[in-house]
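Each chain, written out:
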Amino acid sequence: MRTALFFALAAFLEIAGCFAFWAAVRNGASALWLAPGALSLIAFGAALTQVDASAAGRAFAAYGGVYVAASLVWLWAVEGFRPDRWDLAGGALCLVGAAVVVFGPRG
């Protein structure tokens, strides 16, 4: 449960940080968005170090699947675009892949 919570927190922080840069560069928002965006990306790095994984690469690989699914939630909740069935299928597939990486038997 701890790992899932930190993956979710990391995803929110990374997406929020990247979105702040997107807003400033692509949407014409104030450059003042860049400061909280940078802080959010630093907090993302700190959160990702808290997941239970035997190696950083394994944590990063599993996180990738969580990031994809969380980005689709952001797409809907923040940007107002409803994910289509292909978005949802891809997000589910990524979460299954993340679960295999995290919970797969090691021997």
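Residues numbered from 1 in each chain as written. Predicted model: local features only at pLDDT ≥ 70, side-chain atom pairs only at ≥ 80, totals over all residues. Heavy atoms only, no water.

Enquirer: How should I be thinking about the overall build of the protein chain in this particular structure?
Expert: Per the secondary structure count, the protein chain includes four helices and zero strands. Helices and strands in the protein chain line up, N terminus first, as α-α-α-α. Among the 107 residues that make up the protein chain, the fraction classed as buried is 29%. Considering only residue pairs separated by 6 or more positions, the protein chain has 64% of its internal contacts joining residues 24 or more positions apart. Taking the 6 positively charged and 5 negatively charged side chains of the protein chain as two groups, their mean positions are separated by 6 Å. (Helix = DSSP H or I, 4+ residues; strand = E, 2+ residues; numbered from the N terminus. Buried < 20%, exposed > 50% of the residue type's maximum accessible area, 1.4 Å probe, protein only. Contact = heavy atoms within 4.5 Å. Lys, Arg positive; Asp, Glu negative; His and termini not counted. Charge placed at Lys NZ, Arg CZ, Asp CG, Glu CD.)

Enquirer: Just checking my understanding: could you explain the state of the cysteines for this structure?
Expert: As used in these notes, a disulfide is a covalent bond between sulfur atoms, one from each of two cysteines. Enumeration over the complete set of coordinates arrives at zero disulfides. Left without a disulfide partner, C18 is nearest to the cysteine sulfur of C94, which lies 17 Å away. Residue C18 is classed as partly exposed on the basis of its relative accessible area of 35%. By relative accessible area, which is 27% here, C94 ends up partly exposed. (Disulfide = S-S within 2.5 Å.)

Enquirer: Help me understand the side chain of S40 in this model?
Expert: Tracing the sequence through the fold places S40 in helix α2 (residues 34-48). On the accessibility criterion, S40 (11% relative accessible area) is buried. Leave out the neighbours within four places in its chain, and S40 touches L13, A16 and G17.

Enquirer: Whenever I open this one, the environment of A11 confuses me. Can you help?
Expert: Along the chain, A11 turns up in helix α1 (residues 2-26). Residue A11 is classed as buried on the basis of its relative accessible area, which comes to 1%. The sequence separation of A11 and V96 amounts to 85 residues, and the corresponding C-alpha distance is 16 Å. For A11, the contacting residues outside a window of four places in its chain are Y63, V66 and A70.

Enquirer: Is there a simple way to explain the packing of α1 against helix α3 (residues 56-77) in this structure?
Expert: Between two packed helices, what matters for the description is the angle formed by their axes and the separation of those axes. Across the interface, α1 lies against α3 with an axial gap of 9 Å and an inter-helix angle of 60°. Put simply, α1 runs oblique to α3. Crossing of α1 against α3: the hand is right-handed. Along its contact with α1, which presents F7, A8, A10, A11, F12, E14, I15, A16 and F19, the element α3 presents A59, A62, Y63, V66, Y67, A70, S71 and W74. For the contact of α1 with α3, the residue count by class is 15 nonpolar, one polar and one charged. (Axes fitted to C-alpha atoms, helices over the stretch in contact; angles between N-to-C directions. Parallel < 35°, antiparallel > 145°, perpendicular 65-115°, else oblique. Left-handed = near helix turned anticlockwise from the far one by under 90°. Nonpolar A, V, L, I, M, F, W, Y, C, P; charged D, E, K, R; others polar.)

Enquirer: Would you mind going over the packing of aromatic side chains with me for this structure?
Expert: Note on aromatic pairs: each is described by the distance of the centres and the angle between the planes. Considering all chains together, one arrives at five aromatic pairs under this definition. Aromatic pair F12 and W74: ring centres 6.2 Å apart, planes at 50°, arrangement tilted. With a gap of 62 residues between them, F12 in helix α1 and W74 in helix α3 connect regions that are remote in the sequence. Residue classification places W74 among the buried residues on the basis of a relative accessible area of 14%. Here a set of aromatic residues connected by ring pairs shows up, and it is made of F7, F44, Y63 and Y67. (Phe/Tyr/Trp six-rings, centres within 6.5 Å; stacked < 30°, edge-to-face > 60°.)

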